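Residue-level structure breakdown
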Amino acid sequence: MKELSLNILDVTENSVSAGAKNIEVSLIEDEKGLLTLTIGDNGCGMTPEVVKSVIDPFYTTRTTRKVGLGVPLLKMAAEQTGGSIDIKSEVGVGTTVTATFDTKSIDFTPIGDMVSTMTTLIMGAPDRDFEYIHRKPGAEVTLSTLQLREVLGDVSLGEPEIIAWIKDYLTEQYNNFGGTN
Amino acid sequence: MKSLAELAAIRDKMKNKVAIRDSETGTRIVVGMATCGIAAGARPVLAQFVEEVANAGLSDAITVTQTGCIGICQYEPVVEVYEAGKDKVTYVKMDVDKAKRVFAEHIQGGRIVTEYTMDNK
């Protein structure tokens, strides 16, 4: 993947597929350049055996073919910077994927366009709620679809006009964020 | 600054529109957004179609949706166009410029851009 935001889009789609109603995506950068990515959901969850095998590229729950590369690619992106990945999951409760990255590593994949990742996710699953936060020392970007839904009533988050508003809303916040890695 | 008041104004405008949409008879543009599609560049292709539909004011007649892997990963980004009463058209190895052309010539003009279709590969 050319950008970390693409890995995030891909792995967060797993939360959507898991039937999660609430999905949290957080990117927290500290002053030492450590980036922690958390993708948490209240989807169907996985058994300990499945969690163990999910980082294996030749594991997938699909029955049509036998390769699932989303999590292994995220693991590779984290580990090549000296970071790591951790998956906690419980059947019926949900899954949390946490990955850490050393942003100072020469092998760190730039975060890239998180605005497109979030709008793509919301567009693809407008019936779910996403909590997004990207924080670094002195700046943050946030989005809560739950908050938007209170305003929207029964108008879908997936309407092109609403997606356009969300895009501008996030872009504006990123303009004050001072750029991403 | 974008405000929630502005969002409320968009909502009020939308409320009247939602009822008249009929996705059963309209055109559907489906973009493959599995790992293979995303890695090959599907995200900007999807965004381009959404933008074209919005700019043309055709969001009542055309829906842009996402799907998983359809099994031809080597041809990603893959875009399928479904129109009522017509055969599905599968475009392969798409990019932003190809998306613009497909929108103008096929979706709006009714002429399939055969050089980008699956059958041509």
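In what follows, the accompanying structure is described. Only a predicted model underlies this, so the values are computations on that prediction, with no experimental measurement involved.

**Description of the interface of chain A and chain B**
- The partner chain B presents 27 residues to the 31 residues of chain A that form the contact.
- Of the roughly 2700 Å² buried between chain A and chain B, counting both surfaces, carbon and sulfur atoms make up 67%.
- It is V151, E161 and W165 of chain A in chain A that bury the most area against chain B; as a group they hold 23% of the surface buried on that side.
- Taken together, the links from chain A to chain B amount to two salt bridges.
- As a salt-bridge pair, D168 of chain A and K2 of chain B come within 3.6 Å of each other at their nearest N and O atoms.
- Inspection of the region where chain A meets chain B yields eight residue pairs in polar contact (both at pLDDT 80 or more).
- Taken together, the elements giving at least two residues each to the side of chain A that touches chain B come down to α1 (4-17), α3 (70-79), α4 (114-124), α5 (145-152) and α6 (160-175) of chain A.
- Residue composition of the side of chain A that touches chain B, grouped by class: 14 nonpolar, seven polar and ten charged.

**Describing α6 of chain A**
- Over its 16 residues, α6 of chain A extends 22 Å from the first C-alpha to the last, a length consistent with the 22 Å expected when each residue adds 1.5 Å.
- Among the residues making up α6 of chain A, those that are buried are I162, I163, W165, I166, Y169, L170, Q173 and Y174 of chain A.

**Here we look at the sheet that holds strand β4 (residues 89-91) of chain B**
All names here are of chain B.
- Read from one edge of the open sheet, four strands run β2-β1-β3-β4, paired in mixed fashion. The open sheet terminates on both sides in strands that have one partner only, identified here as β2 (62-67) and β4. Ignoring which end each strand starts from, the neighbouring axes of this sheet average 20° apart.
- Running at roughly 165° to β2, helix α3 (residues 42-55) makes contact with β1 (27-32), β2 and β3 (79-82) of the sheet.

**Digging into the pattern of salt bridges**
All names here are of chain A.
- In the structure shown here, the tally under the stated rule is 15 salt bridges over all chains.
- The salt bridge involving D86 is made with K88; its shortest N-O contact spans 2.8 Å.
- Since its relative accessible area comes to 34%, D86 is described here as partly exposed.

**Points about the pairing of strand β2 (residues 34-41) of chain A**
Residue and element names in this part refer to chain A.
- Where burial is concerned, most of β2 is hidden: six out of the eight residues are buried.
- As judged from the seven bridges shared by strand β1 (residues 22-29) and β2, these two strands associate in the antiparallel manner. Looking across to β2, one finds that E29 is bridged to L35.
- Between β1 and β2, which pair antiparallel in sequence order, lie four residues; one of them, G33, sits at a positive phi of approximately 90°.
- Here β2 pairs with strand β4 (residues 94-102) via eight bridges, running antiparallel. Considered in β4, the bridge of G40 is made with T96.

**Considering the sheet that holds strand β5 (residues 129-136) of chain A**
Residues and elements named next belong to chain A.
- Strands sit in the order β3-β4-β2-β1-β5-β6 across an open sheet of six strands; the sheet is mixed. Each edge of the sheet is formed by a strand with only one pairing partner; in this case those strands are β3 (85-90) and β6 (139-144). In this sheet, neighbouring strand axes are inclined to one another by 5° on average, regardless of whether the strands run parallel or antiparallel.
- Bridge count between β1 and β5: seven bridges; the pairing is parallel. In the sheet register, I28 faces β5, and the bridge partner there is R135.
- Its contacts with the sheet place α4 against β1, β5 and β6, and it is angled at close to 170° to β5.
- Contacting β5 and β6, α5 crosses the sheet at an angle of about 50° to β6.

**Some details on the packing of aromatic side chains**
- Overall, the coordinates contain three aromatic pairs over all chains when judged by the stated rule.
- When the ring of W165 of chain A is compared with that of Y169 of chain A, the centres are 4.7 Å apart and the planes differ by 15°; the resulting orientation is stacked. Here W165 of chain A pairs with Y169 of chain A, and both are found in helix α6, just four residues apart, close to one helical turn.
- Residue class for W165 of chain A comes out buried when judged on its relative accessible area of 2%.
- Classification of Y169 of chain A by relative accessible area gives buried; the value is 16%.
- Both rings, one in Y174 of chain A and one in F177 of chain A, keep their centres 5.3 Å apart while their planes meet at 75°; by these two values the pair is edge-to-face. Neither Y174 of chain A nor F177 of chain A differs from the other in exposure class; each is buried.
- The ring of Y82 of chain B has R28 of chain B sitting right over it, with the charged end atom 4.5 Å from the ring centre.

**Regarding the packing of α1 of chain A against α3 of chain A**
All names here are of chain A.
- Axis separation between α1 and α3 bottoms out at 9 Å; the angle between their running directions is 145°. With respect to the hand of their crossing, α1 and α3 are arranged in left-handed fashion. Residue-level contacts link L4, N7, D10, V11 and N14 of α1 to G70, V71, L73, L74 and A77 of α3.
- The residue makeup of the contact of α1 with α3, split by class, is six nonpolar, three polar and one charged.

The rules behind each value
- Residues numbered from 1 in each chain as written.
- Chains lettered and ligands numbered in written order.
- Predicted model: local features only at pLDDT ≥ 70, side-chain atom pairs only at ≥ 80, totals over all residues.
- Heavy atoms only, no water.
- Contact = heavy atoms within 4.5 Å.
- Buried area = accessible area lost by both parts, 1.4 Å probe.
- Salt bridge = Lys/Arg side-chain N within 4 Å of Asp/Glu carboxyl O.
- Polar contact = N/O pair within 3.5 Å; in protein donor to acceptor, adjacent residues only side chain to side chain.
- Helix = DSSP H or I, 4+ residues; strand = E, 2+ residues; numbered from the N terminus.
- Nonpolar A, V, L, I, M, F, W, Y, C, P; charged D, E, K, R; others polar.
- Expected span 1.5 Å × (residues − 1).
- Buried < 20%, exposed > 50% of the residue type's maximum accessible area, 1.4 Å probe, protein only.
- Pairing = 2+ DSSP bridges.
- Axes fitted to C-alpha atoms, helices over the stretch in contact; angles between N-to-C directions.
- Phe/Tyr/Trp six-rings, centres within 6.5 Å; stacked < 30°, edge-to-face > 60°.
- Lys NZ or Arg CZ within 6 Å of the ring centre and 35° of its normal.
- Left-handed = near helix turned anticlockwise from the far one by under 90°.

Honestly, that's just the spatial picture; any functional story needs more than this.
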